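Single-letter residue listing:
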Amino acid sequence: MNRDFLSIVGELNLAKRVLVVGHIMPDGDDISSVLSATIGLQKLGKEAIAGIDWKIPWYFYEFEETSLIKRYEEVKESGFSPDFVLILDASSPDRIGKFQEFLGNVPSAVIDHHGTNTFFGTFNWVDTKFGSTAQMVLRLNGELGVQYDERLATINLMGIATDTGFFRYTNADEIVFSDATKLVSMGGKPYLISRLFENKRIEQFKLLSTMIEHLRTENDGKIVYSYLSKNDYEKNNCTEDDSGGFVGELRSIQGIELAIFFSEYERGEIHVSFRSRDWFDCSKLAVLLGGGGHPRAAGCTLRGELSVIIEEVIREAKIMYSSQYSSVKS
Ligand code: 5GP
Ligand code: MN
């Protein structure tokens, strides 16, 4: 058993007031992990508060428990003074936004499955063998003796399902399926999770069509990219939350290896998502640009004029594509 895992279990057994923190621009795995750990700790009679320094995309409110998650300002105003901080699915301190302020005052633990993790907690249980952080929370809750019910099992399963693209990506391995089986046997309901995706606004289809209009290719169609500007979002009566999954559409194009999606979520602030199909290591490109992630899915945030950022990132992507190609294919 991992030593940090056991230390984290020991610390949480003693803790009374735990702040459970997720990352900015939260995804399904992060929200699932934060909620599962928070609900687990509450079931053990502890005061646990969930915090994410970002607006949660509207479709996650399909799960009513999502409203447990507080913004930084709310946590501050509540006067909550944690004796332990548990950070989930975040690979570096900048990823937790203003919640960084709580680090240093009290011991903290980082539980994460990103290879780009910087081990910024007092305790760090980081293991890339897991397809999702939610599976690590399942183990944590198990060791702490948390009793699962249908709701908790479903919420915990949501992170495994979303981070594996509903069991379609290369990370959908035997451990993923056995953890999913365990959660379904405890009452987890996959059909409730699929509602996250089968619940699209008509405006999102129009936004998708704008993204398709902007589609470009490079390197003989091996690199495909597209973008949405802040204006594109506004014109379609959408926000950046409405383009979740668009980069997956780009990756689904036949013959491509690398898909890149630029999303200008605030004027001059651009989130870049990278996805690859077979061999390109997206996390290396993302780290070069100040971000992080996994080999097949990574991202970063850049500031500047959208067209300039696109040009610069595509230039770097082409250089890295060539150098990785020669080492992988030689
Ligand atoms: P997405 O493209 O869906 O935002 O992110 C894909 C993966 O890359 C996720 O695992 C996410 O946590 C990670 N990621 C995205 N943006 C950043 C970033 O700015 N910094 C770091 N460290 N990781 C990121
Ligand atoms: Mn994750």
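Residues numbered from 1 in each chain as written. Chains lettered and ligands numbered in written order. Predicted model: local features only at pLDDT ≥ 70, side-chain atom pairs only at ≥ 80, totals over all residues. Heavy atoms only, no water.

*Asks:* How should helix H1 (residues 3–14) be read in this particular structure?
*Replies:* Note on helix geometry: an α-helix contains 3.6 residues per turn, so any two residues three or four positions apart are oriented the same way. Relative to the 16 Å expected for 12 residues at 1.5 Å per residue, H1 spans 17 Å between its end C-alpha atoms, a close match to the ideal helical length. Restricting attention to buried positions, one finds in H1 the residues Phe5, Ile8, Val9 and Leu12. The buried residues of H1 occupy an angular sector of 100 degrees when projected down its axis, which confines them to one face. Relative to its buried face, H1 has exposed residues pointing more than 90 degrees away, namely Arg3 and Leu14. (Helix = DSSP H or I, 4+ residues; strand = E, 2+ residues; numbered from the N terminus. Expected span 1.5 Å × (residues − 1). Buried < 20%, exposed > 50% of the residue type's maximum accessible area, 1.4 Å probe, protein only. Arc of directions from axis to C-beta.)

*Asks:* Please explain the environment of Arg296 as it appears in this structure.
*Replies:* If you trace the backbone, Arg296 turns up in the loop between strand E11 (292–293) and strand E12 (297–303). Since its relative accessible area comes to 22%, Arg296 is described here as partly exposed. Once the C-alpha coordinates of Arg296 and Gly104 are considered, the two residues, 192 residues apart in sequence, prove to be 33 Å apart.

*Asks:* Please explain the packing of helix H4 (residues 133–144) against helix H5 (residues 150–163) as it appears in this structure.
*Replies:* Helix packing geometry: the angle between the two helix axes and the distance between the axes. For the pair H4 and H5, interaxial distance at closest approach is 7 Å and the crossing angle is 145 degrees. Residues Ala134, Gln135, Val137 and Leu138 of H4 lie in contact with H5, whose contacting residues are Asn156, Gly159 and Ile160. Tallied by class, residues from the contact of H4 with H5 come to 4 nonpolar, 3 polar and no charged. (Axes fitted to C-alpha atoms, helices over the stretch in contact; angles between N-to-C directions. Contact = heavy atoms within 4.5 Å. Nonpolar A, V, L, I, M, F, W, Y, C, P; charged D, E, K, R; others polar.)

*Asks:* What exactly am I supposed to notice about the pairing of strand E9 (residues 258–266) here?
*Replies:* With respect to burial, E9 is a largely interior element, 8 of its 9 residues being buried. Bridge count between strand E8 (residues 223–228) and E9: 6 bridges; the pairing is parallel. Its bridge partner lying in E9, Ile223 is registered against Leu258. Taken together, the 8 bridges between E9 and strand E10 (residues 269–276) define a ladder with antiparallel strand orientation. Following the sheet pairing, Phe261 is matched in E10 by Ser273. Here E9 folds back onto E10, and the loop between the two strands holds 2 residues, one of which, Gly268, carries a positive phi near 80 degrees. (Pairing = 2+ DSSP bridges.)

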